[in-house]
Structure formats: C-alpha cells, structure tokens
Amino acid sequence: MMQDLRHALRTLLKVPGFTTVAVLMLALGIGANTAIFSLVNAALLSPLPFPDGDRLVVVWTTVRRERVERRGTSFPDYIDLRRQARSFDALAAWSSDSFTLTPPGGPSEQVEGEIAAAAYFDILGCVPTLGRTYSRAEDDERGAHPVAVISDALWRRTFGADRGVIGRAVRLNDRPFTIVGVLPPGFVGLDGDTDVWIPMGMMAVSVPERLFEARGGRWMQMVARLRPGVSIDQATADVAAVAGQLEQTYADTNARYGAAAFSLRSDFVGNIRPALIVLLSAVGFVLLIACVNLANLLLARATVRQRETAIRAALGAGRWRLIRQFLVEGIVLSAAGAAGGLLLALWSLDAMIALSPATLPSYVHPVLDWRVAAYTGAATIVTALVLGLLPAWQGSRADVNGMLKEGGRAPSGGGVRLRLRASLVVAEIALSILLLIGAGLLVRSFLRLQNVDLGYRPAGVLAMNVAIPAKYSVERIPALADDLIADLRAVPGVAAAAIASDSPLGGSSSAFIVSPEQSEIGTPERGMRVYRHAITPGFFDVLGARLVAGRDFMRQDIAESPRVTIVSRKFAAVAWPGMDPVGRRFKFGRPDSDRPWITVVGVIEDMRYRSVPNDATRVPQDPDVYFPYAQDGPDRAAAVLIRATEDHGKTPATGDIASGMAASVRAAIQRFDRDLPMYDVQPLGDRVTQATAPYRFTATIMTMFGAAALLLAGVGVFGLINFSMTQRRHEIGLRMALGAGRPQVFAIVIRESLILAAAGVAIGVVAAIPASRALASQLYGIPPTDPATYASIAGLLVLVVILATAWPAYKASRVDPMVALRAD
C-alpha cells in the first residue's frame, strides 16, 4: 500500500496542471458541503443550550380559520392550562418587551426584557451565577415585591461586574425594582438578546392592568418541560382537551380556539428548516457534479495510460493490484481536496454567518465539531470511491497483447469509452440544470419580493421607538405626542413627522376581533380578526400611503369626540363587498356587546404592515384598521416616524437620507425631554431589507452554487471535447484531406457538443419539474414550474456548452491534414 501511495504521489506530481484543477474542484465541492453542513448541524442537530432540551416544548393556542393558525395565550387561559394539564413537570408563560432601565446615579437606557412566570428558569435549567431567580411562588404573585434578574452582559456593561449588585435598586419604566440575581454568561432567554427578566405578577409595568383578566387578550407564549415518558402527541392531546373545556365554558372569547404542543427546537427553526434542507441538498449536487467532472477527466487519463497499465500487467500485476493503484490515486486526490475544503469552510464561516438572516436562533454558531468532521470524512470516502472505481474498472481491463502490439502509437479512446465519458457529461449537464433552475427560481422570487408594492414608500423614512415615562399620565400622552411632533417638524430636513402605537415591520401590532354592522361576518357566530394601529394625523403622509376614499384623521378627533376609524381596502372588501364603506360602523368583540360603535371615515390602500411576503402559499394576512391616537388609549411605547425632505442629503432612494437624520432627530428628542429613551432607531428601508433577508440568503447561496455548477459543467464539456478531438486527429485529418473545410470541421464539433447539451438539458428539465416543487415554500410570486426560468436557464447552459466547445473546435479546424496523417 505504501508503494502504491508513493507511486500515486509521483504520478500526480508529474501532471501538476491536472492535479491542481482536480484538487481545486474537490476543495470547492467538499468545502461548500462542510460549510453548509456546519450551519445545518448548529441549527438542527446540535443540542439546545438548555438541559433536557429534548423534553422542552412550547404550547401554542390555535385558532381554526381557513387553516389552523398559531396564536399566543391569555393570562387566564395560561392559569387554567397550568392547573389542568397533566403532561408537564412545569409550564410557564412569558412575553418579550422593552424596558427603560435607570440604574442609581446612571443614565437611562433601553433594554430588551422578558416578563416570565416563576417556573421559566427551572424549565430552562438556568442557575444564576449570583443571587437567585424569582422561582419562589410569592415572587410570581400579582402585586408581589418587584424583583428583577439581569443578564451577565448587562451586569458587566452597566454595573461594571460589581458583585454587590444583588439587592441594588433600579428603575424599570420608572418603577422601582430590586435586582435579586445575575444569570450565567450566554443565557439570553427564549427571545434572544434579553437583558432583564421580571415576574409575571409585575407585567403591569409594560402592559395594561386589564390584561390580567382579559381572556381574549392573547399576548403571551408558553414553554413547558414534558414529564418523563410523555410524548409530544400525548401532550398535544392533553392541552387540546383543556382548551376544549375552555371553549365550552367561555364561548364568547374561546370559540374555535384550541391548543397544541411543539418541540422547542421545531419552534426555533421551523421557519428556516426548509431553506437549510434545500441548501444542503443543493450543495450535495455541487459535490456530485465535481465528482462526475473529475471522474470524466480521470477516465481520459486512464485511456492515455493504457500502455503503462498494459506493461504493468505484462510484468505480473494482477487486476486487483491495478484497481488498487487507481483507488489509491483517488484517495490521494480526495484527501487533498478535503484538506483544501476544510480550509475553505473555515474561511467562509464568518461570511456565511454575516449573510445569514436574523431569523436564525441566537444559539446557532456554526463550528467545525465532530459531527462536521465525520460528515466531511464520509464525503471524502464517497468521493474517493467515485473517483477511483470508474478509472480502475476501465484501466484494469486493458488488452495487454493489443496495446503492446500497437508499439508507440497513441492509444485509442474506443467507442465504448467515449460513450461512457459522453454519458457522464450528459449527467453533469442534467445535474447542473437541476441546480441552476432551483437557483433561478429563488433569484426571481427574491427580485419579485424586492419589487413588491408595499403600499407605502419606505425610502427616506426614519423609524424609532420611544418609551414614555410614568411622569406623563395616560391622559397627557396625546398632548405630549402633539408637542413632540411640532418640535420634530422644526428640525432642518424633516418634511413630516407622526407618532403611532407601532410602525411598519416593527413587530408589535395588536390583533382583535371586530363585528362589522350590516355584514355577513358581523354575527355572534362569526367575526373578523384585524390588526389595530393608533396613529396621529399625518401618519399616512409620512409613509407616503394613498387614501382611497373618505378623509384622514384630524386634530378634532379626540377622546371626547365620536369614535372614528380608517380601514384598509381589504377590510372594506371583506366586510362590505360592493358597498361604500365610508359611514359604516363596527365594534370590537361581539355585535351584541355594550362596546361603542366606531364609524369608518376613510379607506387606505393595503399596506404590508407586519411582513413583506404575503401570497396564497402563506397564511393570509388579516386586514388593518387605524384609529386616532388620542382616542385609542395610547400606551407607554410609541413609534416615531420622520420623513426627510427630498433635497436633504442624498436621494431618498439610497436610504442614506434617513440615516443622516438620526443624529439631529435624537438631539431634538433629547432637547424636548431627556427622559424619553429612544431605541430601535433605523431607516424604514432597512426593516424592509431585514424582512426579506431569509430570501436573500437562500437566493445568494443558491446562486453561488449555481455558478459553481455552471463552471464545472463548462470545464467538463471542454475536457471531453478537447480530449475527443485529440484522439480523433487522424479522422479529422482524413476528412480535411477528402475536402472538408475548416468551417465544416468547426460545425461538426459544435454539433456534437450541442447533442450532449440537448440530452442533458432535456433530462435536467424533466427532473426539475417534480424536484422544484420542494422549493414552493421558499418562493414568492412565481410557481415552481415557471416557464421563463426554465427556458432562460436552458438557454444559458447551451450557451456555456458552445463557449466551452469553441476552443477545441477551433483547434480541430486548424489541424494540418498532412501532419495528422503522417503522425498516425
């Protein structure tokens, strides 16, 4: 074996060009596989960062609509589930929020937080490094002494890692809290990047007190740990039974609502799992194409080495000895390619993480661990076998007598061998078509998403959130908003400003059930789920949204005036189809409730308010309704939106104009009131970019893989045609001697390559039709069988084949017939 190894190394070093190309191809294929698998491993295979992660589940409320959809839960429903469900060791509710943190003697800062029930930390197995958590029951009771637990990062950043922080008082949303614990490094909660946790009993710090009792206010999430031996299906049946009882007991709020349990991992990665599987499959195709390409090149080399093989056989080498020699060469090439691939994977990890969307869980950190090493090792072994077996099979079947009788003549490729290599090229083209069509569909989908009509113009708009301190009563907040807007409009470069309860793509919209008057859905048995937004006058002007009918809100729409609303075009079409919605009414909840009627005064164009993707392949988005900020009970969190003037800085289309406004707007708010913390300050265009980031990530990676496949296919065609023309010099010389011109020879070569391309394209397109359906969940606005994509990709590959054939065809057409015939 050592002798075979030394011989393989000498043989490969004698052809440095071939060896370099082969190693680079394998490094590309194996490196790409290693990098993508490291991401899949971190997201789908590595243990969750919590003890007993396989027993952790999330419990979602479900609602039966056009399809079953997930919802949060209300505080009363959570209490009933916690008391009645028997499948869990513990069940805890939690909700993410932002807090204004004011340490003693320090400046206020906005921090991400979670309101969590007492069992939250026990379920997640979190043991504090300092102090305690609030796992004691009395800490979770309504009205208990306000305590807080902080993250290690906040402890070091704000408190200088002072071990005396336990027992220190801080203010959260202008209310006093006592720090009782510091959590271990790396623990960021279920929402990720969390710095402060407060007990569920203190949720009135950030949400209205009425939500303690509101069974219809579903704003919390639930996490639980299964009892030993209990499956997720059993837990789902358990919580569904409890939900069924609640549906019968509280029909007004719980009709059509159920419950189900899901593994915590699936909840973390459920949305990105299909994309990761698609990428892992695609990168496998890249390695397969590289292997087919190299196998073809090795077959050509085996043909050239037939005389060498025949001499070795004549000197006593048996067939197994010859096969082993070729296998060892394949192993050497694969090992060198694997080493290069590992280096390539290491270099590309940071770039891949930078490209990855924000939807990846915070615990996902791709590394080259033992699973990745095992995967790379398996890929290397498979590659070595693929690269070694075909050349070994061909090389070991050499006709010793025939080859030795030929003397010094160049060995012939043989019709069977040329057909075998041609078949490999056809397979390579088919695989490339398959991969390129997938990449083309994803790219076209992303471009459609980039050009979708949002219903507003995000360019030139700056969005931010402010936390309104407790020194302002709820009744004073509308006047505060008017004064702040007036100050912001005076800032140079500000064209318009508005305040709202939430902003587009800000992730904090509230959903409610409404009953339209004189409508089929305005009955006690039915209702319409809508998203509510409270806005100041001029909000639509800031966004550049178009009013379809009626009027905008006015300063006269205050708390003491009749309640009014502006509805989206979709709301009007569903509630009152074919009728003028202006002047019609609806109320929150059931139509027979004692809540006031609300009159529609305007209709606004539909806006992509909560997410950019929105088509039939996804859950249909519920319509939006808008209320005057002064009428709809403004809370402590407010969204501020500013549109810059057209001539301020760069053009709005670049998005830089909004970024340039941030400093002056911050300064204006600080001059207005330095106790108004600002957070999530960013151009609205950046939010749109973040919303489409998962599609960009998949499309970008697939495009890279497609480009690699295209390059490999071109190299494969070039290698086959070039070798074939070298073997057929005598035939070409004879044709030219009999009168064939150079254009005819050129056309013959191009025609042969086009036959291979046509066969490969046909097979690839047929295979792509069912395969592309796996991409349906990743596509937006185009079908998996989009004809334009298929046609353009097929045309592109045919063009690449022609370009790859042009040089060998040109060389063949320049053959001197006398030289070719004399040499043979």
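Cut-offs and rules
- Residues numbered from 1 in each chain as written.
- Predicted model: local features only at pLDDT ≥ 70, side-chain atom pairs only at ≥ 80, totals over all residues.
- Heavy atoms only, no water.
- Helix = DSSP H or I, 4+ residues; strand = E, 2+ residues; numbered from the N terminus.
- Buried < 20%, exposed > 50% of the residue type's maximum accessible area, 1.4 Å probe, protein only.
- Contact = heavy atoms within 4.5 Å.
- Areas by Shrake-Rupley, 256 points an atom, 1.4 Å probe, with all protein chains shown as cover.
- Phe/Tyr/Trp six-rings, centres within 6.5 Å; stacked < 30°, edge-to-face > 60°.
- Lys NZ or Arg CZ within 6 Å of the ring centre and 35° of its normal.
- pLDDT = per-residue confidence, 0-100.
- Core = buried A, V, L, I, M, F, W, Y, C linked by side-chain atoms within 4.5 Å.
- Patch = residues over 30% accessible without salt bridge, like charges linked within 9 Å, V, L, I, M, F, W, Y side chains within 5 Å.
- Salt bridge = Lys/Arg side-chain N within 4 Å of Asp/Glu carboxyl O.
- 1 Å grid on protein atoms, 1.4 Å probe; cavity = no way out; pocket = protein on both sides within 12 Å on 5 of 7 lines; lining within 4 Å.
- Points joined across faces, edges and corners; volume = space filled by probe spheres on them.
- Arc of directions from axis to C-beta.
- Pairing = 2+ DSSP bridges.

### Focus: the overall build of the chain
Part 1 of the reasoning: Secondary structure summary: the chain contains 24 helices and 22 strands in total.
Part 2 of the reasoning: The buried share among the 824 residues of the chain stands at 53%.
Part 3 of the reasoning: Partitioning the intrachain contacts of the chain with sequence separation of at least 6 by distance along the chain shows that 81% fall at a separation of at least 24.
Part 4 of the reasoning: For the chain, the computed accessible surface area is about 35600 Å², with 59% contributed by carbon and sulfur atoms.

### Thoughts on the packing of aromatic side chains
Part 1 of the reasoning: A full pass over the atoms with the stated rule returns 18 aromatic pairs.
Part 2 of the reasoning: Between Phe37 and Tyr375, the ring centres sit 4.1 Å apart and the planes meet at 0°, which makes this aromatic pair stacked. Note that Phe37 is positioned in helix α2 (residues 16-45) and Tyr375 in helix α12 (residues 370-395), a separation of 338 residues in sequence.
Part 3 of the reasoning: Among the residues examined, Tyr375 registers a relative accessible area of 24% and is labelled partly exposed.
Part 4 of the reasoning: An aromatic cluster is built from Phe50, Trp94, Tyr120, Phe121, Tyr134, Phe187 and Trp197, whose rings are joined through pairwise contacts.
Part 5 of the reasoning: The cationic tip of Arg215 hangs over the ring face of Tyr250; the distance from NZ or CZ to the ring centre is 3.7 Å.
Part 6 of the reasoning: One cation-aromatic arrangement involves Arg218 over Tyr257; the distance from NZ or CZ to the ring centre is 3.7 Å.

### Side note on the confidence of the model for the chain
Part 1 of the reasoning: Here the chain averages 83 in pLDDT, and 87% of its residues register 70 or above.
Part 2 of the reasoning: Note that pLDDT drops below 50 for residues 615-619; the model gives that stretch 15 contacts with residues more than four away or on any other chain.

### Regarding the nonpolar core
Part 1 of the reasoning: Core analysis: the largest hydrophobic core is formed by 191 residues, its most contacted members being Phe88, Tyr120 and Phe705.
Part 2 of the reasoning: No other element matches helix α14 (residues 415-450), which puts 16 residues into this core.
Part 3 of the reasoning: Contact partners of Phe705, with chain neighbours within four places excluded, come to Ala32, Ile36, Leu279, Ala282, Val283, Val286 and Leu435.

### As for a nonpolar patch on the surface
Part 1 of the reasoning: A contiguous nonpolar surface patch, about 620 Å² in accessible area, is contributed by Leu28, Leu342, Leu343, Leu344, Leu346, Trp347 and Leu368.
Part 2 of the reasoning: Looking at which element gives the most residues to the nonpolar patch, the answer is helix α11 (residues 319-355), with five residues.
Part 3 of the reasoning: By the element assignment, Leu346 lies in helix α11.

### Things to note about empty space enclosed by the protein
Part 1 of the reasoning: According to the stated counting rule, one finds five cavities of 30 Å³ or more in the structure shown.
Part 2 of the reasoning: In this structure, the largest cavity encloses a volume near 80 Å³.
Part 3 of the reasoning: Lining the largest cavity are Thr61, Thr73, Asp77, Leu81, Ala243, Leu246, Asn254, Tyr257, Gly258 and Ala259.
Part 4 of the reasoning: Contributing elements (two or more residues each) for the lining of the largest cavity: α3 (75-84), α6 (232-249) and β11 (257-263).
Part 5 of the reasoning: The dominant element in the lining of the largest cavity, judged by the number of residues it contributes, is β11, at three residues.

### Brief notes about the environment of Phe553
Part 1 of the reasoning: Along the polypeptide, Phe553 turns up in the loop between β16 (547-550) and β17 (564-568).
Part 2 of the reasoning: Residue class for Phe553 comes out buried when judged on its relative accessible area of 5%.
Part 3 of the reasoning: Each C-alpha atom of the pair Phe553 and Phe540 lies 9.7 Å from the other, and the pair is 13 residues apart in sequence.

### Considerations on the pattern of salt bridges
Part 1 of the reasoning: Overall, the coordinates contain 23 salt bridges when judged by the stated rule.
Part 2 of the reasoning: Between Arg225 and Asp89 there is a salt bridge, and its shortest N-O distance comes to 3.7 Å. Taken together, the positions of Arg225 in strand β10 (residues 221-226) and Asp89 in strand β3 (residues 88-102) put the pair 136 residues apart, joining distant regions of the chain.
Part 3 of the reasoning: On the basis of relative accessible area, Asp89 is assigned to the partly exposed category, the value being 36%.
Part 4 of the reasoning: Among the salt bridges present, the one from Glu517 reaches Arg585, with a minimum N-O distance of 2.8 Å. With Glu517 in the loop between β14 (510-516) and β15 (528-535) and Arg585 in strand β18 (residues 585-588), this residue pair connects regions lying 68 residues apart in the sequence.

### Regarding helix α19 (residues 684-691)
Part 1 of the reasoning: Among all positions of α19, only Leu684, Arg687 and Val688 are buried. Down the axis of α19, the sector holding all buried residues measures 100°, keeping them to one side.
Part 2 of the reasoning: Against β12 (461-467), α16 (539-543) and β22 (678-683) lie the buried residues of α19.

### A look at the environment of Gly217
Part 1 of the reasoning: With respect to the secondary-structure elements, Gly217 resides in the loop between β9 (196-199) and β10.
Part 2 of the reasoning: With relative accessibility at 16%, the residue Gly217 sits in the buried group.
Part 3 of the reasoning: In sequence terms Gly217 and Ala511 are 294 residues apart; their C-alpha atoms lie 8.7 Å from each other.

### What to know about the environment of Val180
Part 1 of the reasoning: Within the secondary structure layout, Val180 lies in strand β8 (residues 175-182).
Part 2 of the reasoning: Considered as a pair, Val180 and Gly167 are 13 residues apart in the sequence and their alpha carbons are 5.8 Å apart.
Part 3 of the reasoning: In contact with Val180, not counting residues within four places along its chain, are Leu130, Gly131, Arg132, Val147, Ala148, Val149 and Ile166.

### Let's talk about the pairing of β12
Part 1 of the reasoning: When you tally the buried positions in β12, you get seven out of seven residues, the bulk of the element.
Part 2 of the reasoning: Both faces of β12 are covered, namely the face carrying Val461, Ala463, Asn465 and Ala467 and the face carrying Leu462, Met464 and Val466.
Part 3 of the reasoning: Bridging between β12 and strand β21 (residues 637-644) involves seven bridges; their strand directions are antiparallel. If you follow Ala467 over to β21, its bridge partner there is Ala637.
Part 4 of the reasoning: Direction of pairing for β12 relative to β22: antiparallel, over a ladder of four bridges. Within the sheet, the bridge partner assigned to Ala463 lies in β22 and is Gln682.

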